[in-house]
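Breakdown of the fold
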Amino acid sequence: MSLQLDHTVDLNSQAVLDWIKKKDGSTFEETIEDQDIVAAGLQQVCGSERPIPQVEKVTHTTANNRHYLVLQEDLKTGRELVVGEFRIQVPVAHEIEIGLQSLLYIADSGLTASQKKTIIDA
């Protein structure tokens with residue numbers, strides 16, 4: 001039994017945006033939502049993670065929100081008066097590399113250790 005899982009990467013998810021803000025060169029890994037796979041009787045094989053060599057570089061644009069006040073000093077009182085207020089979004093481009101990895105799940109269906117090893121090795 002094989003399962004084809006389609007997944008759409010959401011670069012605007014809060015978790016991704018929080019990671020982008022850190023700017024620390026770290027890698028972001030999405031959480032694997034495998035409840036349906038596990039419910040179907042499959043278990044992930046530890047150590048089966050295999051990166052897929054194709055990496056895609058994308059430019060992802062976010063924005064910094066800025067708030068500016070234009071002040072003018074009242075020459076009679078010395079107080080500052082607000083003569084203008086602006087809210088702008090400054091676009092920020094982020095270069096991101098997106099990669100994939102495959103994971104192996106095997107059904108707990110009475111396979112012998114030898115049979116499981118054959119599947120894992122393949």
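Throughout what follows, the structure given in this document is the object of discussion. Not measured: the values here are computed from a predicted model.

A closer look at the overall build of the protein chain
Check the secondary structure of the protein chain and you find 3 helices and 4 strands. Shown N-terminal to C-terminal, the secondary structure of the protein chain runs as helices and strands in the order α-α-β-β-β-β-α. Expected size for 122 residues packed as a compact globule is a radius of gyration near 14 Å; at 26 Å, the protein chain overshoots this value by more than 25%. Each principal axis of the C-alpha atoms in the protein chain carries an extent, and together these give about 90 × 30 × 20 Å. In the protein chain, which comprises 122 residues, the share counted as buried stands at 13%. Here the analysis covers contacts within the protein chain between residues at least 6 apart in sequence; of these, 65% occur between residues at least 24 apart. Carbon and sulfur atoms provide 51% of the accessible area of the protein chain, an area that totals close to 10300 Å². Between the mean site of the 11 positive side-chain charges and the mean site of the 19 negative ones, the protein chain shows a separation of 7 Å.

Brief notes about the pattern of salt bridges
Here the structure, examined in full by the defined rule, presents 4 salt bridges. A salt bridge links lysine 57 to glutamate 97, with the shortest nitrogen-to-oxygen separation between them at 3.7 Å. One end of the pair, lysine 57, is in strand 2 (residues 50-73); the other, glutamate 97, is in strand 3 (residues 80-102), with 40 residues separating them in the sequence. The exposed category is assigned to glutamate 97, whose relative accessible area is 54%. Note that arginine 87 and glutamate 85 form a salt bridge whose closest N and O atoms lie 3.6 Å from each other. When its relative accessible area of 48% is taken as the criterion, glutamate 85 is described as partly exposed.

Considering the packing of aromatic side chains
Going through the model one piece at a time under the given rule, you end up with 1 aromatic pair. Summarising the aromatic geometry, the rings of tryptophan 19 and phenylalanine 28 are spaced 5.8 Å apart at their centres and angled 40 degrees between planes, so their arrangement reads as tilted. Its relative accessible area of 29% is what places phenylalanine 28 among the partly exposed residues.

Description of the pairing of strand 2
Two strands pair when backbone bridges link them, and strand 2 and strand 3 are joined in this way by 21 bridges, in the antiparallel orientation. Bridging across to strand 3, histidine 67 finds its partner in arginine 87. Between strand 2 and strand 3, which pair antiparallel in sequence order, lie 6 residues; one of them, glycine 78, sits at a positive phi of approximately 80 degrees.

A short note on a nonpolar patch on the surface
On the surface, Tyr68, Val70, Leu81, Val83, Phe86, Ile88 and Val90 cluster together to form a nonpolar patch covering roughly 570 Å² of accessible area. Looking at the nonpolar patch, the element that brings in the most residues is strand 3, giving 5 residues. Position of phenylalanine 86 relative to the elements: it lies in strand 3. Using a relative accessible area of 45% as the deciding quantity, one classes phenylalanine 86 as partly exposed.

Definitions and limits used
Residues numbered from 1 in each chain as written. Predicted model: local features only at pLDDT ≥ 70, side-chain atom pairs only at ≥ 80, totals over all residues. Heavy atoms only, no water. Helix = DSSP H or I, 4+ residues; strand = E, 2+ residues; numbered from the N terminus. Rg over C-alpha atoms; globule rule 2.2 N^0.38 Å. Buried < 20%, exposed > 50% of the residue type's maximum accessible area, 1.4 Å probe, protein only. Contact = heavy atoms within 4.5 Å. Areas by Shrake-Rupley, 256 points an atom, 1.4 Å probe, with all protein chains shown as cover. Lys, Arg positive; Asp, Glu negative; His and termini not counted. Charge placed at Lys NZ, Arg CZ, Asp CG, Glu CD. Salt bridge = Lys/Arg side-chain N within 4 Å of Asp/Glu carboxyl O. Phe/Tyr/Trp six-rings, centres within 6.5 Å; stacked < 30°, edge-to-face > 60°. Pairing = 2+ DSSP bridges. Patch = residues over 30% accessible without salt bridge, like charges linked within 9 Å, V, L, I, M, F, W, Y side chains within 5 Å.

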